[in-house]
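Here is how the chains run, residue by residue.
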Amino acid sequence: RKVGGGKWEGSDFALLRIAYAMLWRFLLLAGLQAAAAWVPSSSVAGRLAAGPNAMPRQMSIRSSGPLGPALRPHALQPCRRPARALGLSMGAVEDIANPESLEWLPPAQLSKDTEGSGGDVMTIPLFPLGGYVYLPHSEHTLSIFEPRYRALYNDILFSGSRRFAVCTVDPKTGSFSRYAAVLYLKELKEVSEKTNDAVKFVCDHEVIGRVRIDKILNPSSWMKADTYLKVEAKDVEDEEPDEAANRETEIKLEEEFCRLVDLQHELSEAVKFTKGSVSNFKTGPGEDLWATIRMWQNFQEQKLLSIQVTLQQDFQAKLIAYLTKSMGESKIPDVINISDLPPNLQAEVKNLQTRMAGDMAPIQEEYQRGMQLMMQSESHARRLDLLRGLIKTELGLLDVKKQIKSMFGGEGEDKVRKDEEGM
């Protein structure tokens, strides 16, 4: 919005971002529907790897916050018919947008304790850790303070196994993800004296594999917090790869990533990959691709942080103006209690918290879903497909952004760039 030679306002560009995101999702939905209309139901290219009995699946729209509608298939049909004939990873795009694509265990609070199966069945401690997905071949440091997890570390050290499973938790239902990372304890430091027993251990770990959880043996302990959970699980092993077919996909993926990086720099994106990241973009099986997936996870985390900063900017400006006027610029405190603010600013804090929850939660859920689907994958080909879906979605957003920015050009484009660089 620019009237009579006036300046572009920050709110105008926030609306512009929302507009092009909504437009891209609309175009993506229209493309899927058009593809479904002409891809024959008998076409192998129009079916998923689920098998020859795959059936068409109708598309609908669900609300996904300020970024517009997301794709979600009806649950009435057993499978989708994506536009594979177009060379698009639309099955992966649908899965990432669809909450029903994830596998969850029954909620622990509704389950009963059970005896172990015995024999050669794997029993392993379970440590549920919120919404963060721990990817294979990554390293992590955890601070341990709860009594039940102090006991867990004592037990894995005493037994010599030094390993446990970590799953995510659905914030809406409290269910645990069926697929979990296996963390191996590399180093443990006793820090209770330094922290006055607030923290018992600081531990370094490596993610050495994945497991599929069959059942929780003592779910009642989750609510009682009397001890750590134990589960029966199986190692996740990849299917035998089709190296020739995978290599073709790997080459396409590398080309698409190069185009993504070029487009990010052309548009001066606030959050972007460096040019040097192209050489670090590995697509080979095993640790190579997992490292690339981790790089993408870092990118998503930075985008979320950028969105959060953007949402906070307007309020921060008002807060600083109020504090400068009431206390003087040199006396602005480092910490401010919300209760000390005037009623209008207190109301804005609450509105900001509500808006951040409403705006960021759907985006965060989709980012997390993509990583959880990586954990559920049982082949290198599936992970390549998922990563292509993530990159193609990002490319589509940037393509639409480029078109919209070109409609304004000149001062408008420069202002958008400066606005984003200030995030």
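Residues numbered from 1 in each chain as written. Predicted model: local features only at pLDDT ≥ 70, side-chain atom pairs only at ≥ 80, totals over all residues. Heavy atoms only, no water.

### Brief notes about helix α3 (residues 147–159)
Stated precisely, the cut-off is as follows: Per the convention used, a helix needs a DSSP run of H or I reaching at least four residues, while a strand needs a run of E reaching at least two, with both numbered from the N terminus. One less than the residue count of a helix, multiplied by 1.5 Å, gives the span that helix is expected to have. Note on classification: 1.4 Å probe, protein chains only; a residue is buried when its accessible area is under 20% of the maximum for its type, exposed when over 50%, partly exposed between these limits. Residues count as neighbours in contact if any of their non-hydrogen atoms are within 4.5 Å of one another.
Over its 13 residues, α3 runs 18 Å from end to end, which matches the ideal 18 Å to within 8%, given 1.5 Å per residue. Among all positions in α3, only Arg148, Tyr149, Arg150, Leu152, Tyr153 and Ile156 are buried. Elements that come into contact with the buried residues of α3 comprise β3 (122–128), β4 (139–144), β5 (163–167), β6 (179–190), β7 (201–216) and α4 (220–224). The first or second residue beyond α3 is Gly160, which carries a positive phi of 85 degrees.

### A short note on the confidence of the model for the protein
Here is the rule: A residue's pLDDT is the predictor's confidence in that residue, given on a scale from 0 to 100.
Taken over all residues, the pLDDT of the protein has a mean of 78, while the share at 70 or more is 74%. Looking over the protein, one finds the lowest element-wise mean pLDDT in strand β1 (residues 59–62), namely 26, and the highest in β5, namely 98. In this model, residues 1–88 is a region of pLDDT below 50 whose contacts with residues beyond four sequence positions or in other chains number 158 contacts. Low pLDDT, under 50, characterises residues 415–423; the predicted model gives this stretch 23 contacts beyond four residues in sequence or across chains.

### Examining empty space enclosed by the protein
The condition is simple: Using protein atoms alone on a 1 Å grid, points that fit a 1.4 Å probe yet trap it form a cavity, whereas open point sets bounded by protein on both sides within 12 Å along at least five of seven lines form a pocket; residues with an atom within 4 Å of a point count as lining. Grid points are joined across faces, edges and corners, and a volume is the space filled by probe spheres set on the points. Each residue is assigned to one of three groups, with Ala, Val, Leu, Ile, Met, Phe, Trp, Tyr, Cys and Pro labelled nonpolar, Asp, Glu, Lys and Arg labelled charged, and all others, Gly among them, labelled polar.
Going through the model one piece at a time under the given rule, you end up with three cavities of 30 Å³ or more. Looking at the largest cavity, its volume works out to about 110 Å³. For the largest cavity, the lining is made up of 15 residues, of which Val133, Thr168, Ser177, Tyr179 and Met375 are closest to its centre. If you list the elements that add at least two residues to the lining of the largest cavity, you get β5, β6 and α7 (343–376). Within the lining of the largest cavity, the residues separate by chemical class into nine nonpolar, four polar and two charged.

### A few points about the environment of Lys402
Relative to the helices and strands, Lys402 resides in helix α8 (residues 380–408). By relative accessible area, which is 35% here, Lys402 ends up partly exposed. When the C-alpha positions of Lys402 and Leu267 are compared, they lie 7.1 Å apart, and in sequence the two are 135 residues distant. Apart from residues lying up to four places away in sequence, Lys402 is in contact with Leu263, Glu266 and Leu267.

### Here's the deal with the pattern of salt bridges
Stated precisely, the cut-off is as follows: In the sections that follow, a salt bridge refers to a side-chain nitrogen of Lys or Arg positioned within 4 Å of a carboxyl oxygen of Asp or Glu.
The tally for this structure, following the rule as stated, stands at 23 salt bridges. Among the salt bridges present, the one from Asp238 reaches Arg210, with a minimum N-O distance of 3.2 Å. Taken together, the residues span a long stretch of sequence, with Asp238 in the loop between β8 (229–235) and α5 (243–266) and Arg210 in strand β7 at a distance of 28 residues. On the accessibility criterion, Arg210 (8% relative accessible area) is buried. The partner of Arg212 in a salt bridge is Asp214, and the shortest N-O contact between them spans 3.6 Å. Judged by relative accessible area, which is 29%, Arg212 ranks as partly exposed. By relative accessible area, Asp214 is classed as partly exposed at 30%. Three or more residues are tied together by salt bridges with common partners; here these are Glu103, Arg212, Asp214 and Lys234.

### Here's the deal with the nonpolar core
How we decide: Among buried residues, those of type Ala, Val, Leu, Ile, Met, Phe, Trp, Tyr and Cys that are joined through side-chain atoms within 4.5 Å constitute a nonpolar core.
Counting 48 residues, the largest nonpolar core has Tyr153, Phe164, Trp296, Leu387 and Ile391 as its most contacted members. If one sorts the elements of this core by residue count, α8 sits on top with seven residues. In this structure, Trp296 is in contact with Leu260, Phe273, Met371, Leu387, Leu390, Ile391 and Glu394, ignoring residues within four places of it in sequence. Membership of the second largest hydrophobic core comes to 16 residues, among which are Leu105, Ile124, Ala165 and Ala233.

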